[in-house]
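A structural walkthrough
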Amino acid sequence: MNADSSIDDLPGDLMIWVLIVSELLVFGAGMLAFLAVRLTDPAGFAEAQSHLHRTGAGVNTLVLVTSGWLAALGVQAAEAGRVIRLRLCLAAASALGGIFLVLKASEYKDLFAQGIGTETHPFFTFHLLLTGFHAAHVAAGILVLALVATAARPRAVETGVAFWHMVDLVWVLLFPVIYLL
(Lines give C-alpha, C1' and ligand atoms only; values in the text may rest on other atoms or scores of the structure.)
Protein backbone atom coordinates (compact mmCIF):
# COMPACT_ATOMS: atom_id res chain seq x y z
CA MET A 1 0.00 0.00 0.00
CA ASN A 2 1.47 3.35 -0.92
CA ALA A 3 1.33 6.50 1.20
CA ASP A 4 -1.55 7.90 -0.88
CA SER A 5 -3.78 4.87 -0.30
CA SER A 6 -6.43 4.91 2.36
CA ILE A 7 -9.50 3.11 3.55
CA ASP A 8 -11.46 5.44 1.25
CA ASP A 9 -9.91 3.59 -1.72
CA LEU A 10 -11.79 0.38 -0.85
CA PRO A 11 -14.78 -0.28 -3.09
CA GLY A 12 -17.92 0.21 -1.05
CA ASP A 13 -18.24 1.28 2.55
CA LEU A 14 -15.82 0.32 5.33
CA MET A 15 -18.51 -1.55 7.27
CA ILE A 16 -19.14 -3.93 4.38
CA TRP A 17 -15.46 -4.89 4.63
CA VAL A 18 -15.84 -5.54 8.35
CA LEU A 19 -18.78 -7.80 7.50
CA ILE A 20 -16.93 -9.51 4.64
CA VAL A 21 -13.84 -10.24 6.72
CA SER A 22 -15.95 -11.58 9.59
CA GLU A 23 -17.95 -13.80 7.21
CA LEU A 24 -14.76 -15.11 5.58
CA LEU A 25 -13.41 -15.97 9.05
CA VAL A 26 -16.62 -17.87 9.92
CA PHE A 27 -16.59 -19.82 6.66
CA GLY A 28 -12.83 -20.41 6.98
CA ALA A 29 -13.27 -21.83 10.48
CA GLY A 30 -16.04 -24.09 9.22
CA MET A 31 -13.90 -25.39 6.37
CA LEU A 32 -10.92 -25.96 8.69
CA ALA A 33 -13.16 -27.91 11.08
CA PHE A 34 -14.49 -29.94 8.13
CA LEU A 35 -10.96 -30.79 7.00
CA ALA A 36 -9.84 -31.65 10.55
CA VAL A 37 -12.77 -34.02 11.11
CA ARG A 38 -12.22 -35.51 7.65
CA LEU A 39 -8.74 -36.62 8.79
CA THR A 40 -10.40 -38.87 11.38
CA ASP A 41 -12.51 -40.77 8.81
CA PRO A 42 -11.22 -40.32 5.23
CA ALA A 43 -13.00 -43.43 3.91
CA GLY A 44 -16.33 -42.42 5.46
CA PHE A 45 -16.03 -38.89 4.10
CA ALA A 46 -15.18 -40.22 0.62
CA GLU A 47 -18.20 -42.54 0.66
CA ALA A 48 -20.49 -39.78 1.90
CA GLN A 49 -19.11 -37.38 -0.72
CA SER A 50 -20.13 -39.83 -3.47
CA HIS A 51 -23.80 -38.93 -2.78
CA LEU A 52 -23.30 -35.30 -3.80
CA HIS A 53 -24.09 -33.75 -7.19
CA ARG A 54 -20.53 -32.91 -8.25
CA THR A 55 -21.54 -31.92 -11.76
CA GLY A 56 -24.29 -29.68 -10.42
CA ALA A 57 -21.81 -28.11 -8.00
CA GLY A 58 -19.44 -27.49 -10.93
CA VAL A 59 -22.25 -25.86 -12.88
CA ASN A 60 -23.08 -23.78 -9.81
CA THR A 61 -19.48 -22.60 -9.72
CA LEU A 62 -19.76 -21.35 -13.30
CA VAL A 63 -23.12 -19.78 -12.48
CA LEU A 64 -21.77 -17.80 -9.51
CA VAL A 65 -18.54 -16.75 -11.22
CA THR A 66 -20.58 -15.50 -14.18
CA SER A 67 -22.91 -13.66 -11.83
CA GLY A 68 -19.89 -11.98 -10.23
CA TRP A 69 -18.70 -10.85 -13.65
CA LEU A 70 -22.15 -9.41 -14.41
CA ALA A 71 -22.16 -7.64 -11.03
CA ALA A 72 -18.75 -6.12 -11.83
CA LEU A 73 -20.18 -4.88 -15.12
CA GLY A 74 -22.99 -3.37 -13.07
CA VAL A 75 -20.45 -1.39 -11.05
CA GLN A 76 -18.91 -0.07 -14.27
CA ALA A 77 -22.36 0.90 -15.53
CA ALA A 78 -23.15 2.69 -12.25
CA GLU A 79 -19.90 4.65 -12.45
CA ALA A 80 -20.73 5.63 -16.05
CA GLY A 81 -24.25 6.71 -15.07
CA ARG A 82 -25.83 4.01 -17.23
CA VAL A 83 -28.73 3.13 -14.93
CA ILE A 84 -30.59 0.81 -17.30
CA ARG A 85 -27.43 -1.21 -18.00
CA LEU A 86 -26.64 -1.29 -14.27
CA ARG A 87 -30.08 -2.65 -13.46
CA LEU A 88 -29.94 -5.23 -16.27
CA CYS A 89 -26.51 -6.46 -15.13
CA LEU A 90 -27.58 -6.76 -11.49
CA ALA A 91 -30.89 -8.38 -12.47
CA ALA A 92 -28.97 -10.96 -14.52
CA ALA A 93 -26.51 -11.53 -11.64
CA SER A 94 -29.48 -11.98 -9.29
CA ALA A 95 -31.19 -14.38 -11.70
CA LEU A 96 -28.03 -16.48 -11.78
CA GLY A 97 -28.07 -16.42 -7.98
CA GLY A 98 -31.60 -17.79 -8.19
CA ILE A 99 -30.43 -20.56 -10.54
CA PHE A 100 -27.70 -21.40 -8.02
CA LEU A 101 -30.33 -21.77 -5.29
CA VAL A 102 -32.56 -23.97 -7.49
CA LEU A 103 -29.64 -26.31 -8.27
CA LYS A 104 -28.64 -26.39 -4.60
CA ALA A 105 -32.25 -27.16 -3.57
CA SER A 106 -32.29 -30.01 -6.09
CA GLU A 107 -29.22 -31.53 -4.45
CA TYR A 108 -30.74 -31.16 -0.98
CA LYS A 109 -34.00 -32.73 -2.16
CA ASP A 110 -32.11 -35.71 -3.55
CA LEU A 111 -30.09 -36.14 -0.35
CA PHE A 112 -33.21 -35.94 1.83
CA ALA A 113 -35.00 -38.45 -0.44
CA GLN A 114 -32.14 -40.86 0.27
CA GLY A 115 -32.72 -40.38 3.98
CA ILE A 116 -29.53 -38.35 4.32
CA GLY A 117 -29.47 -35.50 6.82
CA THR A 118 -27.20 -33.85 9.36
CA GLU A 119 -27.28 -36.92 11.62
CA THR A 120 -26.29 -39.42 8.89
CA HIS A 121 -22.53 -38.77 9.00
CA PRO A 122 -20.30 -35.88 10.10
CA PHE A 123 -19.61 -35.17 6.41
CA PHE A 124 -23.28 -34.32 5.87
CA THR A 125 -23.42 -32.24 9.04
CA PHE A 126 -20.65 -30.03 7.67
CA HIS A 127 -21.92 -30.15 4.07
CA LEU A 128 -25.44 -29.08 4.95
CA LEU A 129 -24.34 -26.44 7.46
CA LEU A 130 -21.68 -24.86 5.24
CA THR A 131 -23.59 -25.00 1.98
CA GLY A 132 -26.86 -24.04 3.68
CA PHE A 133 -25.22 -21.05 5.36
CA HIS A 134 -23.74 -20.13 1.98
CA ALA A 135 -27.15 -20.49 0.29
CA ALA A 136 -28.58 -18.09 2.89
CA HIS A 137 -25.86 -15.63 1.88
CA VAL A 138 -26.77 -16.09 -1.79
CA ALA A 139 -30.40 -15.29 -0.96
CA ALA A 140 -29.33 -12.25 1.07
CA GLY A 141 -27.03 -11.18 -1.77
CA ILE A 142 -29.90 -11.31 -4.26
CA LEU A 143 -31.84 -8.93 -2.02
CA VAL A 144 -28.80 -6.66 -1.62
CA LEU A 145 -28.31 -6.51 -5.40
CA ALA A 146 -31.98 -5.63 -5.86
CA LEU A 147 -31.72 -2.84 -3.28
CA VAL A 148 -28.58 -1.28 -4.74
CA ALA A 149 -29.96 -1.58 -8.28
CA THR A 150 -32.96 0.42 -7.14
CA ALA A 151 -30.78 3.07 -5.52
CA ALA A 152 -28.46 3.14 -8.57
CA ARG A 153 -25.76 5.14 -6.76
CA PRO A 154 -22.20 4.06 -7.60
CA ARG A 155 -21.03 3.81 -3.96
CA ALA A 156 -24.09 1.75 -2.99
CA VAL A 157 -23.59 -0.52 -5.99
CA GLU A 158 -19.91 -1.00 -5.11
CA THR A 159 -20.89 -1.93 -1.57
CA GLY A 160 -23.53 -4.45 -2.62
CA VAL A 161 -21.32 -5.98 -5.27
CA ALA A 162 -18.45 -6.32 -2.76
CA PHE A 163 -20.80 -8.50 -0.67
CA TRP A 164 -21.77 -10.49 -3.79
CA HIS A 165 -18.10 -11.10 -4.61
CA MET A 166 -17.58 -12.42 -1.07
CA VAL A 167 -20.43 -14.87 -1.71
CA ASP A 168 -18.70 -15.93 -4.96
CA LEU A 169 -15.34 -16.31 -3.23
CA VAL A 170 -16.77 -18.47 -0.46
CA TRP A 171 -18.30 -20.84 -3.02
CA VAL A 172 -15.05 -21.02 -4.99
CA LEU A 173 -13.42 -22.20 -1.74
CA LEU A 174 -16.27 -24.48 -0.61
CA PHE A 175 -16.59 -26.27 -3.94
CA PRO A 176 -13.18 -27.98 -3.97
CA VAL A 177 -13.10 -28.57 -0.21
CA ILE A 178 -16.50 -30.27 -0.05
CA TYR A 179 -17.00 -31.70 -3.54
CA LEU A 180 -13.54 -32.53 -4.87
CA LEU A 181 -11.03 -33.33 -2.10
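Residues numbered from 1 in each chain as written. Predicted model: local features only at pLDDT ≥ 70, side-chain atom pairs only at ≥ 80, totals over all residues. Heavy atoms only, no water.

Per an unreviewed UniProt entry, the chain goes by Nitric oxide reductase NorE protein and derives from Rhodobacter maris. UniProt, in its Sequence similarities (unreviewed entry) section for the chain, records the words "Belongs to the cytochrome c oxidase subunit 3 family." (UniProt positions renumbered as here; feature names shortened; annotations may be inferred.)

Looking at the element boundaries, F45 is found in helix 2 (residues 42-49). Considered as a pair, F45 and E107 are 62 residues apart in the sequence and their alpha carbons are 17 Å apart. Beyond its immediate sequence surroundings of up to four residues, F45 is in contact with F34, V37, R38, H121, P122 and F123. (Helix = DSSP H or I, 4+ residues; strand = E, 2+ residues; numbered from the N terminus. Contact = heavy atoms within 4.5 Å.)

With that settled, consider a nonpolar patch on the surface. On the surface, L14, M15 and V18 cluster together into a nonpolar patch covering about 290 Å² of accessible area. Within the element layout of this structure, L14 appears in helix 1 (residues 14-40). Residue L14 is classed as partly exposed on the basis of its relative accessible area of 43%. (Patch = residues over 30% accessible without salt bridge, like charges linked within 9 Å, V, L, I, M, F, W, Y side chains within 5 Å. Areas by Shrake-Rupley, 256 points an atom, 1.4 Å probe, with all protein chains shown as cover. Salt bridge = Lys/Arg side-chain N within 4 Å of Asp/Glu carboxyl O. Buried < 20%, exposed > 50% of the residue type's maximum accessible area, 1.4 Å probe, protein only.)

This brings us to the pattern of salt bridges. Applying the stated criterion across every chain yields a total of two salt bridges. K104 is paired through a salt bridge with E107; the nearest N and O atoms lie 2.7 Å apart. With K104 and E107 both in helix 4 (residues 83-113), this residue pair falls three residues apart, about one helical turn. Taken as a pair, K104 and E107 share a single burial class, namely buried. One salt bridge connects E158 with R155, and the closest N-O pair in it is separated by 3.9 Å. Of this pair, E158 and R155 are both found in helix 6 (residues 154-180), three residues apart, which corresponds to roughly one turn of the helix. Here E158 falls in the buried class, since its relative accessible area comes to 18%. Note on R155: relative accessible area 35%, which makes it partly exposed.

This next bit is on the side chain of R38. Tracing the sequence through the fold places R38 in helix 1. One buried charged residue, R38, forms no salt bridge at all, with the nearest opposite charge on D41 at 9.5 Å. (Lys, Arg positive; Asp, Glu negative; His and termini not counted.)

Turning our eyes to something else, we now look at the nonpolar core. L90 and I178 are the most contacted members of the largest nonpolar core, which totals 52 residues. At the level of elements, helix 1, helix 2, helix 3 (54-79), helix 4, helix 5 (122-151) and helix 6 are the ones that each hand at least two residues to this core. A total of 15 residues in this core trace back to one element, the largest contributor, which is helix 6. Not counting residues within four places of it along the chain, the set of residues in contact with L90 comprises A71, G74, L145, V148, A149, V157 and V161. (Core = buried A, V, L, I, M, F, W, Y, C linked by side-chain atoms within 4.5 Å.)

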